[in-house]
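Here's the letter readout for the chains.
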Amino acid sequence: MIPNYRVWIKKDKKYYLVLGYVKDDGYGTQILISKAELEYEWIDLDDNILESSTGEPDRNGKEIFDGDRCSADADVPEGMERTKFYMSVIFVNGGFCFKLEQDGSLYPIDVIKDIEVIGHIHEEKP
């Protein structure tokens, strides 16, 4: 799999798809982003946040990225009410993990199933 990247542009407060990069050309790291169809721009990475795809889709087929907020239903015994839990995607020790918002515990990304991307870490939580 060829990894996909996106960048959070702080001044625009939005994500853009990364098309390419030039690693430190003497002026800092430059990345090429797609701002709209057939509209591209080179920007400095220094003041922005680069995020990588995990390579995994959520239950709706949406690509999951580092920095995404996700939800999932907890497995509970039959007859009990299902409970939602919330997590963010982080890159730790060479791999992607889910960090539970309830207690901060970490789980490898392939352990929790039926995930749905509900937002990202740069926006207010609902």
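The coordinates are above.
Heads up: these notes are all about the structure in this document. Computed from a predicted model, the values in this text were never measured in an experiment.

1. With respect to the packing of aromatic side chains
Okay, step 1: Here the structure, examined in full by the defined rule, presents 2 aromatic pairs.
Okay, step 2: Each ring, one from Trp8 and one from Tyr15, has its centre 5.0 Å from the other, and the planes form 65°; the classification is edge-to-face. Summarising the burial analysis for this pair, Trp8 and Tyr15 share the class buried.
Okay, step 3: Plain terms: the ring middles of Phe91 and Phe96 are 5.0 Å apart, the flat faces sit at 70° to each other, and that makes the pair edge-to-face.
Okay, step 4: For Phe96, a relative accessible area of 17% translates into the label buried.
Okay, step 5: It is Arg6 that lies over the ring of Tyr15; its NZ or CZ is 3.8 Å from the centre.

2. Quick look at the pairing of strand β9 (residues 95–100)
Okay, step 1: The pairing of strand β8 (residues 84–92) with β9 spans 6 bridges and is classified as antiparallel. Counterpart to Met87 in the pairing with β9 is Leu100.
Okay, step 2: Count of turn residues in the β8/β9 antiparallel hairpin: 2 residues, of which Asn93 carries a positive phi of about 50°.
Okay, step 3: By the bridge criterion, 3 bridges tie β9 to strand β10 (residues 106–108) in an arrangement that is antiparallel. The residue bridging Lys99 from the neighbouring strand is Leu106, located in β10.
Okay, step 4: Joining the antiparallel neighbours β9 and β10 is a turn of 5 residues, in which Gly104 adopts a positive phi near 80°.

Rules and cut-offs
- Residues numbered from 1 in each chain as written.
- Predicted model: local features only at pLDDT ≥ 70, side-chain atom pairs only at ≥ 80, totals over all residues.
- Heavy atoms only, no water.
- Phe/Tyr/Trp six-rings, centres within 6.5 Å; stacked < 30°, edge-to-face > 60°.
- Buried < 20%, exposed > 50% of the residue type's maximum accessible area, 1.4 Å probe, protein only.
- Lys NZ or Arg CZ within 6 Å of the ring centre and 35° of its normal.
- Pairing = 2+ DSSP bridges.
- Helix = DSSP H or I, 4+ residues; strand = E, 2+ residues; numbered from the N terminus.

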